[in-house]
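Notes for the structure review
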Amino acid sequence: IGLGYRDQFGHWILGGFGHFDQLNSDNGATYRQATFGLEALGEYWDLRVNGYFPEDKRDDAATSGQVVIVGNNISVDVFADKALRGFDGEIGLQIAGHHPDSSTGSTLPSNDLRLYAGGYHFTGNDGVETITGTRFRAEWGFDNLPGFGEGSRFSVGLETQYDEPRGARTAGLLRLRLPLGTGGDDTGPAGGADSGLDRRMTTPIV
């Protein structure tokens, strides 16, 4: 459950949001967390930072274990969940793309390729290690897909991150956004406006 707000100030869009979410872990523990974020979006640049504030609890009853056999020794590794407080942030830049102006009559599809670099820090306690790492991602998006209407967007991306406790992790992204309707107004962000900032008003919160 969340609420956010964005507004345009000159050549930048400034926004903020707050979320409340609940996670049921694989070990059967339930955690609740509040997340707050700030963002600044330009036509080519992204700047954002998020803070994560989970409830202060550790459910040691919700544990899992696995039997480990090394040579003639048999042992059991036991794992318990712990929610950590922390923050992350990133900066992004559009390095390629094409957004046709309606006055030029261009038929090339509107698209952009953006690269992001950032990091994260989560403070450990109760015997849990502090997690500090770096994250890089790339996303290529295509706007106004044929047959799906103005405001639609398809994105493909790749993200990789690394921190000492957990090592390297890589994941892919496929996202399809479909508009509910333009409301008969062709000047808004879902109505095919030519302004790059108008298009960025519908950028998903990260």
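Above this text is the structure in question.
Residues numbered from 1 in each chain as written. Predicted model: local features only at pLDDT ≥ 70, side-chain atom pairs only at ≥ 80, totals over all residues. Heavy atoms only, no water.

1. Considerations on the environment of G196
To keep things clear, this is the line we draw: Each helix is a run of H or I in the DSSP string that is no shorter than four residues. Each strand is a run of E no shorter than two, and both are numbered from the N terminus. With a 1.4 Å probe rolled over the protein chains alone, any residue whose accessible area is under 20% of its type maximum counts as buried; one over 50% counts as exposed, and the rest are partly exposed.
Take G196: it is sitting in helix α1 (residues 196-200). We classify G196 as buried; its relative accessible area is 8%. When the C-alpha positions of G196 and Y44 are compared, they lie 8.6 Å apart, and in sequence the two are 152 residues distant.

2. Focus on the nonpolar core
As a reminder of what qualifies: We define the nonpolar core as a collection of buried residues of types Ala, Val, Leu, Ile, Met, Phe, Trp, Tyr and Cys that are connected through side-chain atoms lying within 4.5 Å of one another. Should any heavy atoms of two residues lie within 4.5 Å, those residues are counted as being in contact.
If you look at the biggest cluster of nonpolar residues, it comprises five residues: Y52, L84, Y120, F122 and I131. Discounting residues that sit within four places of it in the chain, Y120 has contacts with F87, D88, I131, T132, G133, T134, R135, Q161, Y162, D163 and R166.

3. Overview of unusual backbone geometry
Residues other than glycine seldom take positive phi values, yet N144 does so here, at roughly 55 degrees. Within the fold, N144 resides in the loop between β9 (131-143) and β10 (153-163). Accessibility expressed as a relative area gives 32% for N144, which makes it partly exposed.

4. A few points about the sheet that holds β10
Stated formally: Here the rule is simple: two strands pair whenever DSSP picks up at least two bridges between them. Whenever a helix is involved, its axis is fitted only over the stretch in contact; in every case the axis is a line through C-alpha atoms, and angles between N-to-C directions fall within 0 to 180 degrees.
Strand order in the open sheet formed by nine strands is β1-β2-β3-β4-β7-β8-β9-β10-β11, and the pairing between neighbours is antiparallel. Only two strands of the sheet have a single neighbouring strand rather than two, namely β1 (2-9) and β11 (167-177). On average, each strand axis in the sheet is inclined to that of its neighbour by 15 degrees, with strand direction left out of account. Here strand β4 (residues 45-54) pairs with strand β7 (residues 85-98) via eight bridges, running antiparallel. Within β7, the residue paired with Y52 across the bridge is G86.

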